[in-house]
Amino acid sequence: MTAGITWEEPFCGEGNNCFRIGTDTEGNAYIAVAGQEEHHLTDSRDALRTLIRDIKAGKADHLL
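The structure displayed is predicted, hence computed values, not measured ones. Along each chain, residues carry numbers from 1 onward, in the same order as the chain's sequence is written. Totals for whole chains, interfaces and linings use every residue, but because this is a predicted model, local features are given only for residues with pLDDT of at least 70 and side-chain atom pairs only at 80 or more, for both listing and counting. Hydrogens and water molecules were not included; the side-chain quantities draw on all heavy atoms of the structure.

Draft legend 1. Summary view of the layout of surface pockets. Taken as a whole, the second largest pocket encloses approximately 160 Å³ of empty space. Along the walls of the second largest pocket sit Glu8, Ile21, Thr23, Ala29, Arg45, Leu48, Arg49, Ile52 and Arg53, which together make up its complete lining. Within the residue set of the lining of the second largest pocket, elements represented by two or more residues are β3 (18-23) and α1 (45-56). Strands are runs of DSSP state E lasting at least 2 residues, helices are runs of H or I lasting at least 4, and numbering of each runs from the N terminus. The element contributing the most residues to the lining of the second largest pocket is α1, with five residues. Note on residue categories: nonpolar means Ala, Val, Leu, Ile, Met, Phe, Trp, Tyr, Cys or Pro, charged means Asp, Glu, Lys or Arg, and polar means any other residue, Gly included. For the lining of the second largest pocket, a count of residues per class yields four nonpolar, one polar and four charged. Definitions used throughout: a 1 Å grid over protein atoms alone; a cavity as a set of points that fits a 1.4 Å probe which cannot get out; a pocket as an open set with protein on both sides within 12 Å along at least five of seven lines; a lining residue as one with an atom within 4 Å of a point. Grid points are joined across faces, edges and corners, and a volume is the space filled by probe spheres set on the points.

Draft legend 2. Seen up close, the side chain of Arg20. Position of Arg20 relative to the elements: it lies in strand β3. Summary of the burial criterion: residues with accessible area below 20% of their type's maximum are buried, those above 50% are exposed, and those between are partly exposed, where the area comes from a 1.4 Å probe applied to protein chains only. Given the relative accessible area of 11%, Arg20 is considered buried. At 2.8 Å, the side chain of Arg20 and the backbone oxygen of Glu8 are in polar contact. Any pair of nitrogen or oxygen atoms within 3.5 Å is treated as a polar contact; in protein, a donor-acceptor pairing is required on top of that, and neighbouring residues in sequence qualify only through side-chain atoms on both sides. Side-chain polar atoms of Arg20 contact the side chain of Glu37, separated by 3.2 Å.

Draft legend 3. Expanded view of the state of the cysteines. When the sulfur atoms of two cysteines come within 2.5 Å, that pair is taken as a disulfide. The final tally for this structure, using the stated rule, is one disulfide. Shown here is the disulfide that connects Cys12 with Cys18, its sulfur atoms set 1.8 Å apart. The sign of the S-S torsion, about 105°, decides the handedness of the disulfide formed by Cys12 and Cys18: right-handed. Classification of Cys12 by relative accessible area gives partly exposed; the value is 43%.

Structure follows, in structure tokens:
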């Protein structure tokens, strides 16, 4: 795992890749394809929270 990032359990869409959400102690949020955490994207927790809510609401299924 990537040092300093606490990763949650993978979230898997039906028939798609699984991704993981992570956070650090400085308030940064991370998202990565499960198993490839070293290649993560970084943003604020609020931006990541909005992205995940939109994905779960079906607004961005193509991202999964």
